[in-house]
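Spelled out, the chains give:
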Amino acid sequence: MQAKKTREEVEKNSMIDTWLKKHCLIYVGATRHPFILSIRDGTVNLSSFKTWLGQDYIFVRAFVSFVASVLIKAWKESDDSGGDMEVLLGGMAALNDEIQWFKNEASKWGVQLSDIVPQKANKDYCRFLESLMSSEVKYTVAITAFWAIEAVYQQSFAHCLEDGTNTPSDLQATCLRWGNDGFGQYCHSLKQIVNRQLAKASDDEIKEAEVALLDVLEHEVEFWNMSCGGA
Ligand SMILES: Cc1ncc(CN)c(N)n1
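Everything quoted here is computed from the prediction, not taken from an experiment.

### What to know about empty space enclosed by the protein
Within this structure, the stated rule accounts for one cavity of 30 Å³ or more. Lining the largest cavity are Asp-56, Phe-59, Val-60, Phe-63, Glu-98, Tyr-125, Ile-149, Glu-150, Tyr-153, Trp-178, Glu-220 and Phe-223. Looking at the lining of the largest cavity, the elements that each hand over two or more residues are helix H5 (46-77), helix H8 (139-159) and helix H11 (203-227). By residue number, the principal contributor to the lining of the largest cavity is H5, which donates four residues. Of the residues contributing to the lining of the largest cavity, the split by class is eight nonpolar, no polar and four charged.

This is the structure we're talking about:
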């Protein structure tokens, strides 16, 4: 018979949900940003959209390297009982498509990707990713950040696809890229990996993972602000 879980174990198993409740203000700030709300209600400024498109292309290229570093940490540190490598490889494959998608969208919207200069918020975010790539950073911390980065886009763009929204038809494909059910399922798999890692992590690692989550949420807010011309 399975032993009854202690309250501590139950809490650790759903650590992410506990954190999202605790940090609800910043989480809502990242997933319901005015830029996203403007897509959702159809008032989006197209020049902001194009800024976001060009800057995000640069971000995604840095993000691929970060994901590669998470994959290495998974190989070294995870017992892989949850099939982490497969989930991460699926993520890499999706990023390969994402880069191609950015190139196609850029040519559709007349954005010259070779001319894009990364703005401060983007540089800061990429620098943060680089800091997580250090071998000193534990898998639990890096995978928490990884899940949060993907989850913010999934939650944000899925919000633009809900019934009764006014998302412009030519932005539907963008919203579907991250708001589709398959991407939602992928984020759910990442979240399960994170909760499993946190359940066996040391107190210090748990603290570091929580800080990484907050850092991601702050960088995501700054990234949206930048897209609107605010940073
Ligand atoms: C800034 C940012 N955050 C998240 C994602 C989703 N891969 C993205 N493309 N850009």
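After that view, the rundown keeps rolling.
### Digging into the side chain of Asp-84
Examined against the element boundaries, Asp-84 turns out to sit in helix H6 (residues 84-109). A distance of 3.3 Å separates polar atoms of two side chains, one belonging to Asp-84 and the other to Ser-78. Excluding residues that lie within four positions of it along the chain, Asp-84 makes contacts with Ser-78, Tyr-139, Ile-193 and Arg-196.

### Looking at the packing of H8 against H11
Where H8 meets H11, the axes come as close as 8 Å, and the angle between the chain directions of the two elements is 35°. Of the two elements, H8 crosses H11, and the hand of that crossing is right-handed. Along the contact surface, H8 presents Thr-140, Val-141, Thr-144, Ala-145, Trp-147, Ala-148, Ile-149, Val-152, Tyr-153, Ser-156 and Phe-157, while H11 presents Glu-205, Glu-208, Ala-209, Ala-212, Leu-213, Val-216, Leu-217, Glu-220, Phe-223 and Trp-224. Here the residues of the contact of H8 with H11 sort into 15 nonpolar, three polar and three charged.

Calculation rules
- Residues numbered from 1 in each chain as written.
- Predicted model: local features only at pLDDT ≥ 70, side-chain atom pairs only at ≥ 80, totals over all residues.
- Heavy atoms only, no water.
- 1 Å grid on protein atoms, 1.4 Å probe; cavity = no way out; pocket = protein on both sides within 12 Å on 5 of 7 lines; lining within 4 Å.
- Points joined across faces, edges and corners; volume = space filled by probe spheres on them.
- Helix = DSSP H or I, 4+ residues; strand = E, 2+ residues; numbered from the N terminus.
- Nonpolar A, V, L, I, M, F, W, Y, C, P; charged D, E, K, R; others polar.
- Polar contact = N/O pair within 3.5 Å; in protein donor to acceptor, adjacent residues only side chain to side chain.
- Contact = heavy atoms within 4.5 Å.
- Axes fitted to C-alpha atoms, helices over the stretch in contact; angles between N-to-C directions.
- Left-handed = near helix turned anticlockwise from the far one by under 90°.

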